[in-house]
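Structural features, examined
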Amino acid sequence: MAEYDLNELQKIHENKDVLNYLEQHGILEIKKFNDVYDYEKELYELQVKLLKLQYEINEKGKRVLIIFEGRDAAGKGGTIGRVAQYLNPKKIRIVALPKPTEEESGQWYFQRYIKQLPNAGEIVIFDRSWYNRAVVEPVFGFCTKEQHELFMSQVPEFEKQLIDDGIIVIKLFLSISKEEQAERLRERQEDILKRWKIGTLDQQAQEKWDIYTNYIENLFKKTGSKKSPWFEIVKDNKKKARLAAIKLIINTLVGSEQEQVDSFVKKHD
């Protein structure tokens, strides 16, 4: 139903005769249609709220940094796409840094990320971030034990300095079950249009599941704080996870005291 916009879906939704006819002729299932309509409607309403907040961020010169981390195939890219879909592209940047160069490898670990921090009136989204050193790098041996431990000791103070300087930091972690991850990785492998999403590390995500889990638990324990909490979205349903992520961003930007927007969201502080 992707070829229909929300207005067209709404017209069909409000015409019960049309819905009944379509179902009777095997064109659609009403329940599935209603699920799609409810999702698109809520997504649109949240995207409108987010756009209004972007105007305020721009006008008041606020700096917003949104960090997306998560399991392989947890849906970071799709969620980031929905967050940024209708925002002013001149005032938002999506940063997905490649493997560090030889020069960057000799720098202070945070140095290349500092260059990407938001300017006044700007939102920056990190599609993976300095937290590579908290999980991915130690899992695959890309850093030493000493480098990992140094990072874990430095990052809370580093983020405190960013926040004290006025940067709004929002940290989201997308989790999925091992079974769902296996299914999504299999789907990517079988779909020629999605095969590019499969990297060499993704292929090992299943066999290293428990090792990942240990580092992720340590991540929440050591780097979540009252000033800079982690919001973990534990949901195999991509659409509900996307909605939850956008709600969390909105709640943080408006200063909502609501602890959780959904029952499947865990706050680690």
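Scroll up to find the structure this text is about.
Model, not experiment: these values are computed from the prediction.

1. Observations regarding empty space enclosed by the protein
- As enumerated under the stated definition, the model contains three cavities of 30 Å³ or more in all.
- Every residue lining the largest cavity is listed: Glu69, Gly70, Arg71, Asp72, Arg128, Tyr131, Val135, Val136, Phe173, Tyr212, Ile216 and Leu219.
- Elements with a minimum of two residues in the lining of the largest cavity: strand E1 (63–70) and helix H10 (209–223).
- Ranked by residue count, the leading element in the lining of the largest cavity is H10, at three residues.
- Its residues placed into classes, the lining of the largest cavity shows seven nonpolar, one polar and four charged.
- In this model, the second largest cavity occupies a volume close to 40 Å³.
- What lines the second largest cavity is Leu53, Glu56, Ile57, Lys62, Ile168 and Leu253.

2. With respect to helix H4 (residues 76–84)
- Taken residue by residue, H4 has Lys76, Thr79, Ile80, Val83 and Ala84 as its buried positions. The buried residues of H4 occupy one face: seen down the axis, they fall within an arc of 125°.
- Check the buried side of H4 and you find it contacts helix H3 (30–60), E1, strand E2 (92–95), strand E3 (122–127), strand E4 (167–175) and helix H11 (238–253).

3. Let's talk about helix H8 (residues 145–164)
- When the terminal C-alpha atoms of H8 are compared, their 29 Å separation across 20 residues agrees well with the 28 Å that a helix rising 1.5 Å per residue should span.
- The axis of H8 is deflected most strongly, by about 35°, at Gln154, and proline Pro156 appears within four residues downstream.
- Of the residues making up H8, those classed as buried are His148, Phe151, Met152, Val155, Phe158, Glu159, Leu162 and Ile163.
- For H8, the secondary structure elements touched by its buried residues are E1, helix H6 (111–114), helix H7 (136–140), E4 and H10.

4. Things to note about the packing of aromatic side chains
- For the structure on display, the rule yields 19 aromatic pairs.
- An angle of 50° between the planes, with centres 6.0 Å apart, marks the rings of Tyr109 and Tyr113 as tilted. Neither residue differs from the other here; Tyr109 and Tyr113 are each classed as buried.
- Geometrically, the ring pair formed by Tyr113 and Trp130 is edge-to-face, given 5.8 Å between the ring centres and 85° between the ring planes.

Conventions adopted
- Residues numbered from 1 in each chain as written.
- Predicted model: local features only at pLDDT ≥ 70, side-chain atom pairs only at ≥ 80, totals over all residues.
- Heavy atoms only, no water.
- 1 Å grid on protein atoms, 1.4 Å probe; cavity = no way out; pocket = protein on both sides within 12 Å on 5 of 7 lines; lining within 4 Å.
- Points joined across faces, edges and corners; volume = space filled by probe spheres on them.
- Helix = DSSP H or I, 4+ residues; strand = E, 2+ residues; numbered from the N terminus.
- Nonpolar A, V, L, I, M, F, W, Y, C, P; charged D, E, K, R; others polar.
- Buried < 20%, exposed > 50% of the residue type's maximum accessible area, 1.4 Å probe, protein only.
- Arc of directions from axis to C-beta.
- Contact = heavy atoms within 4.5 Å.
- Expected span 1.5 Å × (residues − 1).
- Bend = angle between axes of the 7 residues up to and from the residue.
- Phe/Tyr/Trp six-rings, centres within 6.5 Å; stacked < 30°, edge-to-face > 60°.

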